[in-house]
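Topology and contacts: notes
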Amino acid sequence: MAARLLWRASRRLLAGAGAGAGAQTGAGLSTAPHRDKKRWLRAYLEQQRLEAPPQRRSEKPNWDYHAEIQAFSHRLHENFSLDVLKTAFVNSCYIKSEEAKRRELGVDQEMVALNLQDNSKLAEQGMSFSRSYLTQCFEGAYPDLPAKGIGALVDFLTSQELVSYVAQNLSIQDLTLCKEFPVPPDVLQRTFFAVIGALLDSSGPEKTGVFVRDFFIPQLIGKDLFEIWEVVNPMGLLVEELTKRNISPPEPRITRQLGVSTVLPLYFVGLYCDKKIIAEGPGETLLAAEEEAARVALRKLYGYTENRRPWDYSKPKQGLAAEKAISSN
Amino acid sequence: ACRQFVEEAALDFARQHPDVVLYVSPRAGPAPVLLAEYLNGTVREELIASKTSEEIVQLATKLAGQSGLDIIRIRKPFHTDNPSIQGQWHPLTNKPSALTVQGPRLQPQ
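Residues numbered from 1 in each chain as written. Chains lettered and ligands numbered in written order. Predicted model: local features only at pLDDT ≥ 70, side-chain atom pairs only at ≥ 80, totals over all residues. Heavy atoms only, no water.

Glancing now at the overall build of chain B. Tallying secondary structure elements over chain B gives 2 helices and 2 strands in all. Ordered by position from the N terminus, the helices and strands of chain B form the series α-β-β-α. Within chain B, the fraction of its 109 residues that count as buried is 18%. Once local pairs closer than 6 in sequence are excluded, the contacts in chain B between residues at least 24 apart make up 47%. In the structure as shown, chain B presents an accessible area of about 9000 Å², 54% of it carried by carbon and sulfur atoms. (Helix = DSSP H or I, 4+ residues; strand = E, 2+ residues; numbered from the N terminus. Buried < 20%, exposed > 50% of the residue type's maximum accessible area, 1.4 Å probe, protein only. Contact = heavy atoms within 4.5 Å. Areas by Shrake-Rupley, 256 points an atom, 1.4 Å probe, with all protein chains shown as cover.)

Rendered as structure tokens:
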């Protein structure tokens, strides 16, 4: 105790002497040591900062909406018409909450109605365009995949989680005008499709198609077909596919088996058509192995194996304009 | 040097990087700080107190070119999405199957 008081007193004396000398000679700036915040106070303030509810970026200091929107369009290397883009970020819940606030503040009835348009039309345009574009892409790339499979892939790519993940990493969450924060995923999805619709209005279908391809198709990397598309009876589906191609139905045979009498047996079941093997799949039980073999066979038939050629991003898709005209009608 | 940057080089930097929004605001803090906010939410602060104007420009261009991923040690300098072309090896890959093996003990069926 006494030592601490002595130490503090000596520090102040030294500081006083230093400040005094510095002020007299006028050489440079010497800051007198100020009393820092107490350790417990710093810990408390840090805890308050961490427990504070998340705030919108627009409510934090340093925010210029127009500049941010310009930067957004430059970042994506796209020319947006800024008015269309600004309407794309406006959500209906925002308009309702703003009108409610104005009514509560007692503003005149004429001033209550905001001059803002919704993004619902743009969102529908963007959604339908991206769905049709992705369907065409997949029909071109995997011609053997049936319509249900393509539909499942497109549904996965336009699902809420994926689209909201892409939108958050493109800072669309900061730019949306919405009532709740953090923005719920369906609102993010609608806003992202509205942005795509705005791009469609500004730049035309080809550039929008390139944009959709660049942001959605890489989300399929590393994903297996049957993770995305749930097939309940792969064996039945395989038999249908083989009858369509006039191949005899498959005959399952056990190819290898390990540890049959143990807790973890492993069976490899091979499917043979006309005595030739088409696929082989492992499993813990014989039924599981047969199902897995059917799935492997389907993957081979549809051309969605792991060692297929990676997606071709080089050439832009031609013939899209005609399709777009058809889809919009 | 910080003030020199704001007076001279900030406009040029902002024009050369149209996708970055540059905010200049006086702060009642101990030291001038360059705060970089990335699209995925990471925020990086760099002290620019005793740096020359050119150094600040270089630092700003470096921060503008980074993505917001954490700066940690990269475990391996290679990555592939197709680790296996012909199928990954497992202990039963090249073992002949019981149906086709022809040896002194097993007869072909």
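From this point, things continue past the structure.
Residue and element names in this part refer to chain A. The strand order across the open sheet built from 3 strands is β1-β2-β3, with neighbouring strands paired in antiparallel fashion. Pairing within the sheet leaves two strands with one partner each, and these edge strands are β1 (251–258) and β3 (276–283). When the angles between neighbouring strand axes are averaged without regard to direction, this sheet yields 25 degrees. Across 7 bridges, the pairing between strand β2 (residues 266–273) and β3 is antiparallel. Bridge pairing in β3 places Phe 268 opposite Pro 282. Together, β1, β2 and β3 form the strand contacts of helix α15 (residues 286–302), whose direction differs from that of β3 by roughly 130 degrees. (Pairing = 2+ DSSP bridges. Axes fitted to C-alpha atoms, helices over the stretch in contact; angles between N-to-C directions.)

The UniProt entry lists residues 3–67 of chain B under the feature "domain: Ribosomal protein/NADH dehydrogenase" (unreviewed entry), expressed in the numbering used here. Across residues 3–67 of chain B, helical content stands at 42% and strand content at 15%; the span's end C-alpha atoms are separated by 27 Å. (UniProt positions renumbered as here; feature names shortened; annotations may be inferred.)

Residues and elements named next belong to chain A. For chain A, the domain assignment lists domain 1 (65–225) and domain 2 (231–302). On a C-alpha basis, the centres of domain 1 and domain 2 stand 42 Å from each other. On the domain 2 side, the residues contacting the 6 residues of domain 1 number 5 residues. It is Asp 144, Pro 146 and Asp 224 in domain 1 that bury the most area against domain 2; as a group they hold 66% of the surface buried on that side. Put simply, domain 1 and domain 2 have 1 salt bridge between them. The shortest N-O distance in the salt bridge between Arg 299 and Asp 224 comes to 2.7 Å. Inspection of the region where domain 1 meets domain 2 yields 1 residue pair in polar contact (both at pLDDT 80 or more). Its residues assigned to classes, the side of domain 1 that touches domain 2 shows 4 nonpolar, no polar and 2 charged. (Domains from an automatic or database assignment. Buried area = accessible area lost by both parts, 1.4 Å probe. Salt bridge = Lys/Arg side-chain N within 4 Å of Asp/Glu carboxyl O. Polar contact = N/O pair within 3.5 Å; in protein donor to acceptor, adjacent residues only side chain to side chain. Nonpolar A, V, L, I, M, F, W, Y, C, P; charged D, E, K, R; others polar.)

Another aspect to go through is the pattern of salt bridges. Residue and element names in this part refer to chain A. According to the stated counting rule, one finds 14 salt bridges over all chains in the structure shown. The partner of Asp 155 in a salt bridge is Arg 131, with the nearest N and O atoms 2.6 Å apart. Here the residue Asp 155 occupies a position in helix α8 (residues 147–157), and Arg 131 occupies one in helix α7 (residues 120–141), the gap between them amounting to 24 residues. A relative accessible area of 29% places Arg 131 in the partly exposed class. A salt bridge links Asp 214 to Arg 213, with the shortest nitrogen-to-oxygen separation between them at 3.4 Å.

Glancing now at the interface of chain A and chain B. Taken together, the contacts link 24 residues of chain A with 21 residues of chain B. Taken over both partners, the interface formed by chain A and chain B buries close to 1800 Å², and the fraction arising from carbon and sulfur atoms is 57%. Our count for the contact surface shared by chain A and chain B stands at 1 salt bridge. Across the pair A:Arg57 and B:Glu37 runs a salt bridge whose closest N-O atoms are separated by 2.8 Å. The interface formed by chain A and chain B includes 5 residue pairs in polar contact (both at pLDDT 80 or more).

Residues and elements named next belong to chain A. Phe 138, Ile 172, Phe 192, Phe 216, Trp 229 and Leu 238 are the most contacted members of the largest nonpolar core, which totals 67 residues. Mapping this core onto the domain boundaries places at least three of its residues in each of domain 1 (65–225) and domain 2 (231–302). Excluding its chain neighbours within four sequence positions, the residues that come into contact with Phe 216 are Leu 134, Leu 157, Leu 162, Val 163, Phe 192, Phe 193 and Ile 196. (Core = buried A, V, L, I, M, F, W, Y, C linked by side-chain atoms within 4.5 Å.)

As a volume, the second largest pocket reaches approximately 1400 Å³. In terms of lining residues, the second largest pocket is bounded by 38 residues, among which A:Thr305, A:Glu306, A:Asn307, B:Ser84 and B:Gly87 are the most central. Of all the elements in the fold, those that place two or more residues in the lining of the second largest pocket are β3 and α15 of chain A. In terms of residue class, the lining of the second largest pocket is built from 16 nonpolar, 11 polar and 11 charged. (1 Å grid on protein atoms, 1.4 Å probe; cavity = no way out; pocket = protein on both sides within 12 Å on 5 of 7 lines; lining within 4 Å. Points joined across faces, edges and corners; volume = space filled by probe spheres on them.)

Turning next to helix α12 (residues 205–216) of chain A. Residue and element names in this part refer to chain A. The end-to-end C-alpha separation of α12 is 16 Å, in line with the 16 Å expected for 12 residues at 1.5 Å each. Taken residue by residue, α12 has Thr 208, Gly 209, Phe 211, Val 212, Arg 213 and Phe 216 as its buried positions. Considering only its buried residues, α12 is in contact with α7, α8, α9 (160–169) and α11 (185–203). (Expected span 1.5 Å × (residues − 1).)

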